[in-house]
Amino acid sequence: MTNHPSDLLWWQRGVIYQVYPRSFQDTTGNGVGDLEGVIQRLDYLADLGVDALWLSPIYPSPMADFGYDVADYCNVDPLFGDLATFDRLVAEAHARGIRIILDYVLNHTSDQHPCFVESRSSRDSAKRDWYIWRDPRPGEGDDEGGDDRQRRPPNNWGSFFGGPAWTFDEATGQYYLHQFLPEQPELNWRNPAVKAAMLDVIRFWMERGVDGLRMDVVWLIIKDADLRDNPPNPDADPDLPPNDIHGRQLHVYSGDQEEVHAYIRDIRRVLDEYEAPGKERCGIGEIYLPLARWVRYYGAAADGTGDELHLPYNFRLIPLPWEAAAMRRSVDEMEAALPPFAWPNYVLGNHDQVRLATRYGGQRQPQLVARTAAMMLLTLRGTPTIYYGEELGMEQAQIPPDRIQDPPGVKLGPSYSRDGCRTPMQWRRDVNAGFCSADVEPWLPIPGNFVSRNAAAQSEDPASMLNLYRRLLHDRRQTPALYRGHYRSLDVVEARDTNPKACDDCFVYLREWNGERRLVALNFVDRSLEIDVPGEQTGRITLSSYLDREENVDLDHLTLRPHEGIIVEL
Ligand code: GLC
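Conventions and cut-offs
- Residues numbered from 1 in each chain as written.
- Predicted model: local features only at pLDDT ≥ 70, side-chain atom pairs only at ≥ 80, totals over all residues.
- Heavy atoms only, no water.
- Domains from an automatic or database assignment.
- Contact = heavy atoms within 4.5 Å.
- Buried area = accessible area lost by both parts, 1.4 Å probe.
- Pairing = 2+ DSSP bridges.
- Helix = DSSP H or I, 4+ residues; strand = E, 2+ residues; numbered from the N terminus.
- pLDDT = per-residue confidence, 0-100.
- Axes fitted to C-alpha atoms, helices over the stretch in contact; angles between N-to-C directions.
- Parallel < 35°, antiparallel > 145°, perpendicular 65-115°, else oblique.
- Left-handed = near helix turned anticlockwise from the far one by under 90°.
- Nonpolar A, V, L, I, M, F, W, Y, C, P; charged D, E, K, R; others polar.
- Buried < 20%, exposed > 50% of the residue type's maximum accessible area, 1.4 Å probe, protein only.
- Right-handed = clockwise from strand over helix to strand, strands pointing away.
- Polar contact = N/O pair within 3.5 Å; in protein donor to acceptor, adjacent residues only side chain to side chain.
- Salt bridge = Lys/Arg side-chain N within 4 Å of Asp/Glu carboxyl O.
- Near = heavy atom within 4 Å.
- Areas by Shrake-Rupley, 256 points an atom, 1.4 Å probe, with all protein chains shown as cover.
- 1 Å grid on protein atoms, 1.4 Å probe; cavity = no way out; pocket = protein on both sides within 12 Å on 5 of 7 lines; lining within 4 Å.
- Sits in = over half its atoms within 2 Å of the grid points.

(A) Inspection of the domain arrangement of the chain at higher detail. As far as domains go, the chain holds domain 1 (10-109 + 190-419 + 458-472) and domain 2 (486-569). For domain 1 and domain 2, the distance between their C-alpha centres works out to 32 Å. Contacts between the two partners involve 28 residues from domain 1, matched on the other side by 28 residues from domain 2. Summed over both partners, the interface of domain 1 with domain 2 comes to about 2300 Å²; 62% of that surface belongs to carbon and sulfur atoms.

Next up, the structure:
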């Protein structure tokens, strides 16, 4: 992109858009999206103004966890297309200046992966040690979810999806580890042959022109060498379902082990093998950990730069209530915790999280809140990731219980289901929202509001959410202060003649680069605010989340309408 200085890399200056391929665009008439569908929608994405696509898994898979159970790392599931279609997607995306990031599911395979089939076949199999097999724990007593009191799992770990993290294999008399479904056995990365094979998978895709990887649950790939029991979590919610063993523990031994960092450095070295000017590769990791543990995944090379992930995904804003002070604190803590070389990033939604327009459900005007949230995501310092459909304000769908597909929803109860954020993209007002033809049933039901909430309708409406995203992405791209500037949050007061009072209902920050300055002011409440921005006199509003004003303003008396966000040129 010519208007960017070359000293920032694409994954720093750009914006990532997550496509959940099953739900984006069906072109084969089976009710499931495919790669050809992504190709057909590239012009939409280029017009929206995103710089990279992260595709959730596209590999051959029995789909027990919708592709997060990989049976072949070096191919494309026929449901989605084939390698030739994939190559065309990469070429067509690159032709539009859009990078491709693949989901690299490295902690576990499918139980149908040939390596697991072989590993399971006998205790003497050459691949036995490619997975984590252990004898039953001797003795009787508490069975921690095991189904046989005489036969206890090797330790007390629970699965994220309910029940124990171990499944007993009758034929060979041992348990294997899986922190997700039994259909997702965990690889033994401590075995050098496993590591070598998995690093070759990265080379396979880098050679096909892939620009980056999003590494699934990467903090889990190394477990305690002795597989010690996790301690109980004293703060666990007492109302958790009985089989939520995982939710009752502190995950001290089942992930985030010191040794994991050396493995991530090995992965990074492979990405670096393919680094070339204009072809920089980006390693992103899914890391759900407290800040001090999380920040270590950037790595710390002797030369003062990072040698692990370019971007450990920052999910810290997601669980927060919709409160200005809480958001500000999280961002300020993040900024303070980052080493100088580390590039920040922000995420508000993905295929595991409740959709934005529904998450802040206590709010009376969720669509206005979703607009303010979009402005925050796209004006903070660092790389934003947008989840597909957020640009339309898509809501979390209510899935009828008999149509729940997501494994945790089935095993732990409907409230654990992630289906509601994975419904088909809403393109048009036609039957099935333009996602698939009218005569097939989409794999998940499409919420009825697609009739008005769809890309075609919003494209025509100058004040729509879609046009807000387009403007935010466009303005960000044109404005170095926004895509690379420093960040500083500001204390503001309510504008009053006497007794000015600190205003905690808005989040206000400055972005600044080379003398160019932008003020972002986000009103988090459902009433108008009049604020005084200390030290600033006048400015020009270049964008309001209502998309209806561009005007000069006095900053000692700045009015923000309910849930309004504005960008002010200073
Ligand atoms: C990650 C994915 C999630 C998946 C799980 C197991 O958390 O984001 O969708 O179910 O890993 O692979």
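(B) The sheet that holds strand β19 (residues 558-560), seen in detail. If you walk across this open sheet you meet the three strands as β13-β16-β19, and the pairing is antiparallel. Of all strands in the sheet, those bounded by a partner on one side alone are β13 (493-494) and β19. Note: strand β16 (residues 529-532) against β19, three bridges, orientation antiparallel. When the sheet's bridge partners are listed, Leu529 is paired in β19 with Leu560.

(C) View of the confidence of the model for the chain. Across the chain, the average pLDDT comes to 95, with 97% of residues at 70 or higher. Contacts from residues 1-5, a stretch scored under 50 in pLDDT, to residues over four places away or in other chains number 13 contacts.

(D) Main features of the packing of helix α11 (residues 366-379) against helix α14 (residues 465-478). In contact at an axis separation of 10 Å, α11 and α14 are set at 15 degrees when each is read in the N-to-C sense. The pairing of α11 with α14 is recorded here as roughly parallel in orientation. The hand of the α11/α14 crossing is right-handed. Counted together, Gln367, Ala370, Arg371, Ala374, Met375, Leu378 and Thr379 of α11 and Met465, Leu468, Tyr469, Leu472, Leu473 and Arg476 of α14 form the full contact between these two elements. Classifying every residue of the contact of α11 with α14 gives nine nonpolar, two polar and two charged.

(E) Just the pairing of strand β8 (residues 282-285), in detail. Burial along β8 is two-sided: Cys282 and Ile284 facing one way and Gly283 and Gly285 facing the other are all buried. Judged from the four bridges that link them, strand β7 (residues 212-215) and β8 form a sheet pairing that is parallel. Bridge pairing links Arg214 to Ile284 in β8. In the classification by handedness, the crossover that spans β7, the intervening helix α7 (residues 260-273) and the parallel β8 is right-handed.

(F) Examining the environment of Tyr73 more closely. Considering the arrangement of structural elements, one finds Tyr73 in the loop between β2 (52-55) and α4 (83-95). Assessed through its relative accessible area of 5%, Tyr73 is described here as buried. In this structure the C-alpha to C-alpha distance between Tyr73 and Met198, which are 125 residues apart in sequence, comes to 8.7 Å. Contacts of Tyr73, omitting those with residues within four sequence positions, involve Tyr59, Val105, His108, Thr109, His113, Leu187, Met198, Val201 and Trp205. Within the local environment of Tyr73, its side chain forms a polar contact with the backbone oxygen of Val105, the two atoms lying 2.8 Å apart.

(G) The pattern of salt bridges, seen in detail. Under the definition given, this model contains 50 salt bridges. In this structure, Glu36 engages Arg88 in a salt bridge whose closest nitrogen and oxygen atoms are separated by 2.8 Å. Of this pair, Glu36 sits in helix α2 (residues 35-40) while Arg88 sits in helix α4, and the two are 52 residues apart along the sequence. Residue Glu36 is classed as partly exposed on the basis of its relative accessible area, which comes to 23%. On the basis of relative accessible area, Arg88 is assigned to the partly exposed category, the value being 38%. A salt bridge links Arg527 to Glu494, with the shortest nitrogen-to-oxygen separation between them at 3.8 Å. In this pair, Arg527 sits in the loop between β15 (516-523) and β16 while Glu494 sits in strand β13, placing the two residues 33 residues apart along the sequence. On the basis of relative accessibility, which here comes to 37%, the residue Arg527 falls in the partly exposed class. Looking at Glu494, the relative accessible area reads 12%, which means it is buried. Three or more residues joined by partner-sharing salt bridges are found here, namely Asp65, Asp352, Asp406, Arg418 and Arg422.

(H) Looking closely at the site of the ligand. By nearness alone, 14 residues border the ligand, and Asp65, His108, Asp216, Glu286 and Asp352 come closest of all. At a separation of 2.8 Å, an oxygen atom of the ligand approaches a polar side-chain atom of His108. Here Asp352 contributes a side-chain N or O atom positioned 2.5 Å from an oxygen atom of the ligand. Considered on its own, the ligand offers 310 Å² of accessible surface; in the complex 96% of this is hidden by protein. Mapping the ligand onto the cavity grids shows that it belongs to the largest pocket. Partitioning the shell around the ligand into residue classes produces four nonpolar, three polar and seven charged.

(I) Inspection of unusual backbone geometry at higher detail. For Asn432, which is not a glycine, the phi torsion comes out positive at approximately 65 degrees. Locating Asn432 in the fold gives a position in the loop between α12 (407-412) and α13 (455-460). Backbone geometry at Asn514 places phi at a positive 50 degrees, although glycine is not the residue there. Within the secondary structure layout, Asn514 lies in the loop between β14 (506-513) and β15.

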